Amino acid sequence: MTHVADRYDELLSLIHALASGDLAFRLRVPKAGEPGVHDDLEAVFLGLNMLAEELEATTVRRDAYQTALDELQRTQAQLVQSAKLAALGELAAGVGHEMNQPLQVICNHIEELPHLVEERDHEEILRSADEMQDAVGRASEVIRQLRTFARDAVRSEREHIDVGAMVHDSLVLFREDLRVRGIEVILDLADDLPPIHGNPIEVQQVITNLVLNARDAVTGRENATITLRTSVEPGAVLIDIQDTGPGVLPELRKQIFNPFFTSKSEENGTGLGLTISEQIMRRHGGTLTLRNNEPPGAHFTLRFPAEAP
Ligand SMILES: Nc1ncnc2c1ncn2[C@@H]1O[C@H](COP(=O)(O)OP(=O)(O)OP(=O)(O)O)[C@@H](O)[C@H]1O
Ligand SMILES: [Mg+2]
């Protein structure tokens, strides 16, 4: 009769083999009754071989998971790209809307002009010129905003961001769209907010996503209102976006952040807006949360770490 310790070298080979990644290594199982073999040894060695087998199978499964995960990440990257293109489409539509309105105003005044000149109505001509100048001002603000957007898209670097200005600028491209839909926008921007540090194009993308969701939620409803509020808390800058839409059902509160969860038609939503926004906030060391239902409507909060003064 021998003891397990007598097969010590063999056990050690198994441990070395497993540790160095040779998961196919198996112990020679001694037969019960073999000369010099302890009766229990067969069971112990069989058990160790089973363990090695399980380890090998687990590794094969892990490799399969890894391949699937890599594939999933590639697909996700492609989807994010297509969502960005969709956002670009929205942007182009926004610019169209925004430019159309001041151009229409200028057009109307120009049509009126010969008549006013004929009448020698100097007062009216001057008023007309003033209104045209305002319209040109609005159009150039849209272009300025678009330039910032394009510049930031190319640079995509982190910089100090004035949150109030960013909220204001993000709305410029949707002002006309919101007005046509009869949506009132309330801006409640705090003075003296500390700056945040981030990628302006990404932060703007988050605000835009939330404003567009709020727009979709309130369109066609009575007292359609979107409120954007900025505030400061110790170490954090907050942007609240609240609407008077139907809100989010309690059972859907988690799901709305899942990729592809959408209640909109195919052409109106990919279901990626909140997923991407949440990712962007995480990259900025911040959070995106849906507040507990405080009727009416939905209330989202963006929380950014404030820059140290
Ligand atoms: N303000 C809101 N009020 C009510 N429901 C909302 C609001 N914001 C988001 N949701 C719900 O969450 C879902 C997911 O929003 P998300 O922004 O991720 O995708 P989407 O708006 O459907 O599509 P897109 O990819 O174009 O943004 C929406 O379809 C809607 O059902
Ligand atoms: Mg959306």
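Residues numbered from 1 in each chain as written. Chains lettered and ligands numbered in written order. Predicted model: local features only at pLDDT ≥ 70, side-chain atom pairs only at ≥ 80, totals over all residues. Heavy atoms only, no water.

A.B. asks: Just to check I follow, could you spell out the packing of helix α4 (residues 163-172) against helix α6 (residues 200-218) for this structure?
C.D. replies: Helix packing for two helices is described by the angle between their axes and how far apart those axes are. One can describe the packing of α4 onto α6 by two numbers: an axis separation of 10 Å at closest approach and a directional angle of 60°. Classified by the angle between their axes, α4 and α6 sit oblique to one another. As for the relative orientation of α4 and α6, their crossing is right-handed in sense. On α6, the residues that touch M166, V167, D169, S170 and L171 of α4 are P200, V203, Q204, I207, T208 and V211. (Axes fitted to C-alpha atoms, helices over the stretch in contact; angles between N-to-C directions. Helix = DSSP H or I, 4+ residues; strand = E, 2+ residues; numbered from the N terminus. Parallel < 35°, antiparallel > 145°, perpendicular 65-115°, else oblique. Left-handed = near helix turned anticlockwise from the far one by under 90°. Contact = heavy atoms within 4.5 Å.)

A.B. asks: Please clarify how a nonpolar patch on the surface should be interpreted in this entry.
C.D. replies: Taken together, the side chains of Y8, L12 and I15 present a nonpolar region at the surface, about 300 Å² in accessible area. Among the structural elements, L12 can be located in helix α1 (residues 8-19). (Patch = residues over 30% accessible without salt bridge, like charges linked within 9 Å, V, L, I, M, F, W, Y side chains within 5 Å. Areas by Shrake-Rupley, 256 points an atom, 1.4 Å probe, with all protein chains shown as cover. Salt bridge = Lys/Arg side-chain N within 4 Å of Asp/Glu carboxyl O.)

A.B. asks: Explanation requested: the side chain of N49 in the structure shown.
C.D. replies: Position of N49 among the secondary structure elements: in helix α2 (residues 41-119). Not counting the four nearest positions on each side in its chain, N49 is found in contact with R26, L27 and V29.

A.B. asks: Mind showing me how you'd approach the site of ligand 1 here?
C.D. replies: Close to ligand 1 lie 19 residues, the nearest being D243, T262, S263, K264 and T270. T262 has a polar side-chain atom sitting 2.5 Å from an oxygen atom of ligand 1. Separating an oxygen atom of ligand 1 from a backbone N or O atom of L272 is a distance of 2.9 Å. Coverage of ligand 1 by the protein chains reaches 88% of its 600 Å² of free accessible surface. When contributions to the shell around ligand 1 are tallied by element, the ones reaching two or more residues are α6 and α7 (273-283). The residue inventory of the shell around ligand 1, partitioned by class, reads eight nonpolar, nine polar and two charged. (Near = heavy atom within 4 Å. Polar contact = N/O pair within 3.5 Å; in protein donor to acceptor, adjacent residues only side chain to side chain. Nonpolar A, V, L, I, M, F, W, Y, C, P; charged D, E, K, R; others polar.)

A.B. asks: Got a minute to help me understand the sheet that holds strand β7 (residues 299-305) in this structure?
C.D. replies: Strand pairing in a sheet relies on backbone hydrogen bonds. The paired strands run either parallel or antiparallel. The mixed open sheet is built from five strands, whose spatial order is β2-β4-β5-β7-β6. In the strand order of this sheet, the two ends are held by β2 (184-188) and β6 (287-290), each with one partner. The average undirected angle you get between the axes of adjacent strands in this sheet is 15°. One ladder, built from five bridges, connects β2 with strand β4 (residues 225-233); its direction is parallel. (Pairing = 2+ DSSP bridges.)

A.B. asks: Just to check I follow, could you spell out the nonpolar core for this structure?
C.D. replies: Generally speaking, nonpolar side chains in soluble globular proteins are found buried as a group. The biggest cluster of nonpolar side chains holds 43 residues, and the ones touching the most others in it are I207, L210, I226, I239, L288, F300 and L302. Broken down by element, the residue count for this core peaks at eight residues, all from α6. Look past the residues within four positions of I239 in its chain and what remains in contact with it is V163, V167, I207, R229, T230, F300, T301, L302 and F304. Counting seven residues, the second largest nonpolar core, distinct from the first, contains L11, L27, V29 and A52. (Core = buried A, V, L, I, M, F, W, Y, C linked by side-chain atoms within 4.5 Å. Buried < 20%, exposed > 50% of the residue type's maximum accessible area, 1.4 Å probe, protein only.)

A.B. asks: So what exactly am I meant to see when it comes to unusual backbone geometry here?
C.D. replies: The bulk of non-glycine residues show a negative phi, and the bulk of peptide bonds are trans. One non-glycine residue, D192, lies in positive phi territory at about 55°. Its location among the elements puts D192 in the loop between β2 and β3 (196-198). Its relative accessible area of 75% is what places D192 among the exposed residues. Not every positive phi belongs to a glycine, and N223 is a case in point at roughly 50°. Mapped onto the elements, N223 comes out in the loop between α6 and β4. Classification of N223 by relative accessible area gives exposed; the value is 63%.

A.B. asks: Explain the pattern of salt bridges to me, please; I cannot follow it from the model alone.
C.D. replies: Side-chain pairs of opposite charge can arise where the charged atoms are in close proximity. Following the criterion strictly, the structure yields 17 salt bridges and no others. Note that E278 is salt-bridged to R282, the shortest N-O span being 3.7 Å. On the criterion of helical spacing, the pair formed by E278 and R282 is a turn pair, its members being four residues apart in helix α7. A relative accessible area of 56% places R282 in the exposed class.

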